[in-house]
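Coordinates in review
These are the residues of each chain, in order.
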Amino acid sequence: MRKAFSYRADPSVPDFPDDRPILIFDGNCVLCSGFVNFLLRADKKRRFRFLSAQSSLGSALFRHYGLVSQDYESNILLEKGMIRIKSDGSLRAIEILGFPWSMACAARIAPRLFRDWLYDYIARNRLNWFGIRNSCYAPDPSDADRFLG
């Protein structure tokens, strides 16, 4: 586990605003883009920022945290300088939305080993099951200010 905000000292990671939670996602994955669309609709307080893993900043953060930057099989939730990946990242993102969405966090009663096994299974098959976008996800112009990179 790295210290909070460790990426700030990494010369390969460009400076970026990190004062709000950031979801780093596979911009070519239909399922991942769908999760982003859900968060955009449900996040009425506009708390989240989003970053495509394929962007130079997204790739740099994947490398900084030692994650494979070619398959993007996990979203990264960056909050207060710390990351959460796999099921923890997705559940925390939903929790940030508040009630009623935060009720989904009851899934934490399942052991992380099982939750992450299920997450990995879906992640490995997501492109076959849900498809690949022809181009990287592009936000609606009204939400462009919420996207980095």
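Above this text sits the structure in question.
Below is a short write-up of the structure. Values in this document were obtained by computation on a predicted structure and should not be read as measured data.

**Details of the environment of A138**
- Its location among the elements puts A138 in the loop between α4 (112-130) and β5 (147-148).
- On the accessibility criterion, A138 (56% relative accessible area) is exposed.
- Note: C-alpha distance between A138 and A107 (31 residues apart in sequence) is 31 Å.

**Quick look at unusual backbone geometry**
- Along the chain, F99 connects to P100 via a cis peptide bond; the corresponding omega equals 5°.
- One can find P100 in the loop between α3 (86-96) and α4.
- Positive phi, normally seen in glycine, also occurs at F5, with a value near 60°.
- Checked against the element boundaries, F5 lands in the segment before β1 (22-25).
- In this structure F5 comes out as partly exposed when scored by relative accessible area, which is 28%.
- Backbone geometry at K86 places phi at a positive 55°, although glycine is not the residue there.

How each quantity is defined
Residues numbered from 1 in each chain as written. Predicted model: local features only at pLDDT ≥ 70, side-chain atom pairs only at ≥ 80, totals over all residues. Heavy atoms only, no water. Helix = DSSP H or I, 4+ residues; strand = E, 2+ residues; numbered from the N terminus. Buried < 20%, exposed > 50% of the residue type's maximum accessible area, 1.4 Å probe, protein only.

Interpretation note: all reported values are geometric properties and have no functional meaning in isolation.
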